[in-house]
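# Architecture at a glance
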Amino acid sequence: MKNKDKNAVAYWKENVRYLYILLSIWFLVSYGAGILFKDWLNQFTLGGFKLGFWFAQQGSIYVFVILIFVYVRLMNKLDKKYGYDE
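The rules behind these values
Residues numbered from 1 in each chain as written. Predicted model: local features only at pLDDT ≥ 70, side-chain atom pairs only at ≥ 80, totals over all residues. Heavy atoms only, no water. Bend = angle between axes of the 7 residues up to and from the residue. Helix = DSSP H or I, 4+ residues; strand = E, 2+ residues; numbered from the N terminus. Contact = heavy atoms within 4.5 Å. Core = buried A, V, L, I, M, F, W, Y, C linked by side-chain atoms within 4.5 Å. Buried < 20%, exposed > 50% of the residue type's maximum accessible area, 1.4 Å probe, protein only. Salt bridge = Lys/Arg side-chain N within 4 Å of Asp/Glu carboxyl O. Lys, Arg positive; Asp, Glu negative; His and termini not counted. Axes fitted to C-alpha atoms, helices over the stretch in contact; angles between N-to-C directions. Parallel < 35°, antiparallel > 145°, perpendicular 65-115°, else oblique. Nonpolar A, V, L, I, M, F, W, Y, C, P; charged D, E, K, R; others polar.

Gln58 marks the point of greatest bend in helix 3 (residues 51–82), at about 55 degrees. On the buried face of helix 3, the contacting elements are helix 1 (3–36), helix 2 (38–41), strand 1 (45–46) and strand 2 (49–50).

Core analysis: the largest hydrophobic core is formed by nine residues, namely Leu22, Val29, Ala33, Leu41, Leu51, Trp54, Phe55, Val63 and Leu67. For this core, the secondary-structure elements that each account for two or more residues are helix 1 and helix 3. When sequence neighbours within four positions are dropped, the list of residues in contact with Leu67 reads Leu22, Ile25 and Trp26. Judged by nonpolar contacts, the second largest core, of five residues, contains Tyr11, Met75, Leu78 and Tyr82.

Once that is clear, we can look at the pattern of salt bridges. Within the structure shown, the criterion is met by three salt bridges. With its nearest N and O atoms 3.2 Å apart, the salt bridge here joins Glu14 to Lys81. Within this pair, whereas Glu14 is found in helix 1, its partner Lys81 is found in helix 3, the two being separated by 67 residues in sequence. Relative accessible area serves as the criterion here: at 55%, Lys81 is assigned to the exposed category. Lys38 is paired through a salt bridge with Asp39; the nearest N and O atoms lie 3.0 Å apart. On the basis of relative accessibility, which here comes to 33%, the residue Lys38 falls in the partly exposed class. Using a relative accessible area of 60% as the deciding quantity, one classes Asp39 as exposed.

Let's shift gears to the environment of Leu78. By the element assignment, Leu78 lies in helix 3. Overall, Leu78 belongs to the buried group, its relative accessible area being 2%. Measuring from C-alpha to C-alpha, the distance between Leu78 and Lys4 comes to 15 Å, with 74 residues separating the pair along the chain. Setting aside residues no more than four positions away along its own chain, Leu78 makes contact with Tyr11, Glu14, Asn15 and Tyr18.

Another point: the side chain of Asp79. The topology assignment puts Asp79 in helix 3. Although buried, Asp79 forms no salt bridge, and the nearest oppositely charged side chain, Lys80, lies 9.2 Å from it. Beyond its immediate sequence surroundings of up to four residues, Asp79 is in contact with Tyr11, Tyr84 and Asp85.

On to the packing of helix 1 against helix 3. For the pair helix 1 and helix 3, the least separation of the axes is 8 Å and the interaxial angle reads 170 degrees. Here helix 3 runs roughly antiparallel to helix 1, going by the angle between their axes. By residue class, the composition of the contact of helix 1 with helix 3 is 20 nonpolar, seven polar and three charged.

Right under this line is the structure:
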């Protein structure tokens, strides 16, 4: 395999690993905090709302937007690492 092909495979593997990690975080926050752990989280409040309710309504959206920015930053670093930056 050529060096360029090895770089492309390594780049893609690292990219997919980032996606799995970030999507797992989003799943845990949206499904876990909003549904599974809702009863336990509801003993705390945030902005006058029970925390489990807040995660179900707002928190998962905020986390998703933050994860988008994290993904952009990770991909910029990854592009530079493998020489795909412009």
